[in-house]
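Each chain, letter by letter, is given below.
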Amino acid sequence: MDTEHADPTGRREAPDRHLGDVDLTTWRTKAGRVGADRWTELGHRWGALPLLVVTLVIGMGVAVLGTWAASGVYDAVREGDDVAVLDRPVLDWMLTLRSPAADTLVTWWTDIAGTIGMPIVALGFLVGFTVQRRAWTPLVLLVAASGGSLLMTIAGKDLIGRARPPLSDAVPPYEHSPSFPSGHTLNATVIVGTIVYLLLLRQSSTVARVWTIAVGTAFVLSVGVSRVFLGHHWLTDVLAAWALGLAWLALVVTAHRLYLTALRRGARPTQGRGRRSPDGRPLDGPGPQDAAPDGHDDPVGPAPDGPGPGSRGRPPYGPVSHDR
């Protein structure tokens with residue numbers, strides 16, 4: 001299991017609270033502090049994990065509305081040819097770079113971010129995160145991030161209905177759904193971005209974090225470029241997908257920061273275990289011997305059959321890992 005960290009008061013806390021030297025539970029703006037205070041109050045009442053789920057669901061609605069607003073702005077810009085004027089020249093340049101070998105290689109690469117490849121990638125990391133950390137949080141974040149990006153893709157395509165580049169300029173297999181935004185690019189941005197974020201939370205080495213960010217960024221950028229190279233999307237479809245994906249990813253990370261803040265301030269992952277004051281004293285519910293250490297998340301696996309050595313009368317479940 002992962003090692004635990006202690007703050008100056010001697011309490012154990014979740015290692016996911018820090019990203020490098022940055023404390024994710026510290027809010028530098030007044031709006032952030034006020035929002036974190038209100039969220040923590042609700043976390044004490046309802047439990048931090050259920051509230052995280054509700055927050056992400058609401059965030060999905062906000063993301064879809066944002067996609068709708070962005071689609072309207074994009075449509076107006078396209079009619080004025082202010083940005084879309086780049087689409088045709090860039091595609092023409094990509095045509096000069098093609099060759100049978102390059103077409104095959106790029107098609108294989110872009111399929112990794114497709115409707116089959118990306119779910120496999122997400123599922124693989126999801127299983128790894130869940131098994132290693134024994135917590136529900138990675139599952140909640142990845143599923144919500146994926147669901148939100150899918151809804152944003154559907155909303156954008158239905159609202160704009162933009163035609164793809166001519167089939168004569170595309171590399172088979174051809175795609176026939178609306179062009180805006182690029183679903184491959186949007187999903188890769190959100191899902192890979194979430195995976196990178198979860199990896200960074202457990203990396204203490206600066207070199208490891210830099211490489212993780214570099215590899216994730218290179219993958220997302222290359223997927224977007226591949227969509228234009230193959231003639232499956234216009235450049236502006238990809239640019240919009242990157243922007244929308246980063247916006248939704250920021251909402252997901254913010255929701256997780258609120259969750260970590262609530263845990264740090266004594267909220268429980270689930271409401272049933274009662275809540276505690278910031279110094280760890282129980283405010284209601286079970287007695288001190290029944291409270292799990294600060295920052296712990298609900299375990300995924302079954303609890304042990306009985307207390308381990310040195311449990312001193314604690315309940316039959318063993319200690320679980322910190323929130324991820």
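It should be noted that the structure appears before, not after, this text.
The following refers to the structure shown. (Residues numbered from 1 in each chain as written. Predicted model: local features only at pLDDT ≥ 70, side-chain atom pairs only at ≥ 80, totals over all residues. Heavy atoms only, no water.)

1. Re the overall build of the chain
We count it as follows: Each helix is a run of DSSP H or I of at least 4 residues and each strand a run of E of at least 2, with the numbering of both proceeding from the N terminus. It only takes one pair of heavy atoms within 4.5 Å for two residues to be counted as in contact. Per-residue accessibility takes into account occlusion by the displayed protein chains alone, with areas from the Shrake-Rupley method and a 1.4 Å probe.
Along the chain, the regular secondary structure elements total 9 helices and 4 strands. Listing the helices and strands of the chain from first to last along the sequence gives β-β-β-β-α-α-α-α-α-α-α-α-α. Taking contacts inside the chain between residues at least 6 apart in sequence as the whole, the part at least 24 apart equals 77%. Counting every atom, the chain has about 15900 Å² of accessible surface; 68% of that belongs to carbon and sulfur.

2. As for the environment of I213
We count it as follows: For every residue, the accessible area (1.4 Å probe, protein chains only) is compared with the maximum for its type, and the residue is labelled buried under 20%, exposed over 50%, or partly exposed between those bounds.
Its place among the elements puts I213 in helix 8 (residues 206–229). Overall, the relative accessible area of 42% leaves I213 in the partly exposed class. Taking the C-alpha atoms as reference points, I213 and G193, separated by 20 residues in sequence, lie 8.8 Å from one another.

3. Let's talk about the packing of aromatic side chains
The geometry of an aromatic ring pair comes down to the distance between the two centres and the angle between the two planes. As a reminder, the rule being used: Pairing of aromatic rings covers Phe, Tyr and the six-membered ring of Trp, with a centre-to-centre limit of 6.5 Å; geometry is then stacked below 30 degrees between planes, edge-to-face above 60, and tilted otherwise.
The tally for this structure, following the rule as stated, stands at 3 aromatic pairs. Centre to centre, the rings of F125 and F129 are 6.1 Å apart; their planes meet at 35°, and the pair counts as tilted. Note that F125 and F129 are positioned in helix 5 (residues 117–133) at a spacing of 4 residues, about one turn of the helix. Counting every residue linked through ring pairs, the aromatic cluster contains W108, W109 and F219.

4. Some thoughts on the layout of surface pockets
Put simply, the rule reads: The rule is simple: put a 1 Å grid over the protein atoms alone, call a set of points where a 1.4 Å probe fits but cannot get out a cavity, call an open set with protein on both sides within 12 Å along at least five of seven lines a pocket, and count a residue as lining if it has an atom within 4 Å of a point. Grid points are joined across faces, edges and corners, and a volume is the space filled by probe spheres set on the points. When residue character is reported, Ala, Val, Leu, Ile, Met, Phe, Trp, Tyr, Cys and Pro are called nonpolar, Asp, Glu, Lys and Arg charged, and the others, Gly included, polar.
Each pocket or cavity is described by its volume, and for the largest pocket that value is around 470 Å³. As for the largest pocket, its lining consists of 24 residues, and the residues nearest its centre are A113, G114, T115, L150 and N187. At the level of elements, helix 5, helix 6 (137–160) and helix 7 (183–200) are the ones that each hand at least two residues to the lining of the largest pocket. In terms of residues, the lining of the largest pocket owes the most to one element, helix 6, which gives 7 residues. Considering only residue class, the lining of the largest pocket consists of 8 nonpolar, 12 polar and 4 charged.

5. Some thoughts on unusual backbone geometry
In this chain, P172 is followed by P173 through a cis amide linkage whose omega measures 5°. With respect to the element layout, P173 can be found in the loop between helix 6 and helix 7. Of note, the amide linkage connecting F180 to P181 takes the cis form, showing an omega dihedral of -10°. Within the secondary structure, P181 sits in the loop between helix 6 and helix 7. A positive phi angle, near 50°, is found at R134, a position not held by glycine. Tracing the backbone shows R134 in the loop between helix 5 and helix 6.

6. Digging into the packing of helix 6 against helix 9 (residues 235–264)
Helix packing for two helices is described by the angle between their axes and how far apart those axes are. Note the cut-off: What counts as an axis is a line fitted to C-alpha atoms, over the stretch in contact for a helix, and the angles between N-to-C directions run from 0 to 180 degrees. Comment on the angle field: the value is read as roughly parallel under 35 degrees, roughly antiparallel over 145, roughly perpendicular from 65 to 115, and oblique elsewhere. Take the far helix as your reference; a near helix turned counterclockwise from it by less than a right angle gives a left-handed crossing, and one turned clockwise gives a right-handed crossing.
Contact pair helix 6 / helix 9: the axes reach a minimum separation of 10 Å and the direction vectors enclose 150°. In terms of axis orientation, helix 6 runs roughly antiparallel to helix 9. The hand of the helix 6/helix 9 crossing is right-handed. Here T137, L141, A144, A145, G148, S149 and M152 of helix 6 lie close against helix 9, whose contacting residues are L244, W248, V252, H256 and Y259. Of the residues belonging to the contact of helix 6 with helix 9, the class tally is 8 nonpolar, 4 polar and no charged.

7. Overview of the pattern of salt bridges
Should the charged atoms of two oppositely charged side chains come close, the side chains can pair. Note the threshold: We count a salt bridge whenever a side-chain nitrogen from Lys or Arg sits within 4 Å of a carboxyl oxygen from Asp or Glu.
Counting across every chain of the model gives 12 salt bridges. Between R162 and D87 there is a salt bridge; the shortest N-O distance is 2.6 Å. Pair noted here: R162 is in the loop between helix 6 and helix 7 and D87 is in helix 3 (residues 87–95), with a separation of 75 residues, a long-range link. Pair check on accessibility: R162 and D87 agree, each one buried. Among the ionic pairs, R88 bridges to D169, the shortest N-O distance being 2.8 Å. With R88 in helix 3 and D169 in the loop between helix 6 and helix 7, this pair connects stretches of sequence that are 81 residues apart. A residue is classified by how much of its surface remains accessible, and D169, at 12% relative accessible area, is buried. Residues participating in the shared-partner salt-bridge network are D16, R133 and R202.

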